[in-house]
Amino acid sequence: MGTAASFGLLELRLVIAVIMVFHGTQKLFGWWDGGGLDRAEKFFGAQGFRPPRLMALVAGVTETTGAVLLGTGALSVLGTAMLTGVLTNVTALHLRNGLDGKKHGFEFELMILAGVVAVGFCGPGKWSIDHWLDLPRGAPWGPVAVAVGVLGGLIVVATRKPVDKEAMATVPARGR
């Protein structure tokens, strides 16, 4: 892999990491005006996730940890699986709203998911801890991580209970 491609992957990894750490720490700690676990729990409950506080905690930890792994290129296969799972779940959650982000659609989630999948398939590049330590990355591990993440995300979506439309109306759209 050339220098330009490695730089492009580094840039993509870092942007995804910043966005996903931002979202994860909003849920976990209420940073960045996020509301913390209390607000995330209400959102997750309104969306049919059970138990809602545990699911909010798992989502926040998965987003934050997966982002750090992908951003540093350390255990990027694991980070890819983690973020693919979360983003598959969130994308599926917003499908009913269509693509338009103004209507709480899935355009933002799909864009981030595409970036994670690209890193998974290509590997994290030369400027990564995985490369320096000669750890597994890219094909075939990356595509396997993407498949595991998609399957995991869809399983979580399938276990949701029917959504309470009235409860949803009182909770901020992104659970922050």
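Computed from a predicted model, the values in this text were never measured in an experiment. (Residues numbered from 1 in each chain as written. Predicted model: local features only at pLDDT ≥ 70, side-chain atom pairs only at ≥ 80, totals over all residues. Heavy atoms only, no water.)

S.K.: Quick question: what am I supposed to make of the overall build of the chain here?
M.R.: Scanning the chain for helices and strands turns up eight helices and zero strands. Secondary structure elements in the chain, listed N-terminal to C-terminal, are α-α-α-α-α-α-α-α. On C-alpha atoms alone, the chain measures out to a radius of gyration of 16 Å, which is about the 16 Å that the 2.2 N^0.38 rule sets for 176 residues. Referenced to the eigenvectors of the C-alpha coordinate spread, the extents of the chain come out at roughly 55 × 30 × 30 Å. A buried classification covers 44% of the 176 residues belonging to the chain. Once local pairs closer than 6 in sequence are excluded, the contacts in the chain between residues at least 24 apart make up 65%. For the chain, the computed accessible surface area is about 8,800 Å², with 71% contributed by carbon and sulfur atoms. Positive and negative charge centroids in the chain, built from 16 and 12 side chains respectively, lie 3 Å apart. (Helix = DSSP H or I, 4+ residues; strand = E, 2+ residues; numbered from the N terminus. Rg over C-alpha atoms; globule rule 2.2 N^0.38 Å. Buried < 20%, exposed > 50% of the residue type's maximum accessible area, 1.4 Å probe, protein only. Contact = heavy atoms within 4.5 Å. Areas by Shrake-Rupley, 256 points an atom, 1.4 Å probe, with all protein chains shown as cover. Lys, Arg positive; Asp, Glu negative; His and termini not counted. Charge placed at Lys NZ, Arg CZ, Asp CG, Glu CD.)

S.K.: Teacher, can you tell me more about the pattern of salt bridges here?
M.R.: A pair can form between side chains of opposite charge whenever their charged atoms are brought close. All told, the structure shown has four salt bridges when counted by the stated rule. Taking the shortest distance from any N to any O, the salt bridge between R53 and D38 comes out at 2.9 Å. Linking R53 in helix 3 (residues 52–72) with D38 in helix 2 (residues 36–46), this pair joins segments that are 15 residues apart in sequence. Of the residues examined, D38 reaches a relative accessible area of 49% and is grouped as partly exposed. We note a salt bridge from E41 to R53, for which the minimum N-O separation is 2.9 Å. Placement of the pair is E41 in helix 2 and R53 in helix 3, with a sequence separation of twelve residues. For R53, a relative accessible area of 35% translates into the label partly exposed. A single network of salt bridges, built from pairs that share partners, joins D38, E41 and R53. (Salt bridge = Lys/Arg side-chain N within 4 Å of Asp/Glu carboxyl O.)

S.K.: It is not clear to me how the layout of surface pockets should be interpreted in this structure. Could you clarify?
M.R.: Using a probe with the size of a water molecule, rolled over the atoms, empty space left in the structure can be pinpointed. In this structure, the largest pocket encloses a volume near 450 Å³. Every residue lining the largest pocket is counted, 26 residues in all, and those nearest its centre are A59, E63, V86, N89 and V90. When contributions to the lining of the largest pocket are tallied by element, the ones reaching two or more residues are helix 1 (3–29), helix 2, helix 3, helix 4 (76–94), helix 5 (107–122) and helix 7 (141–158). In terms of residue count, helix 4 provides more of the lining of the largest pocket than any other element does, seven residues in total. Among the residues forming the lining of the largest pocket, the class breakdown is 13 nonpolar, eight polar and five charged. (1 Å grid on protein atoms, 1.4 Å probe; cavity = no way out; pocket = protein on both sides within 12 Å on 5 of 7 lines; lining within 4 Å. Points joined across faces, edges and corners; volume = space filled by probe spheres on them. Nonpolar A, V, L, I, M, F, W, Y, C, P; charged D, E, K, R; others polar.)

In short, the description is geometric, and any link to function would need to be established separately.
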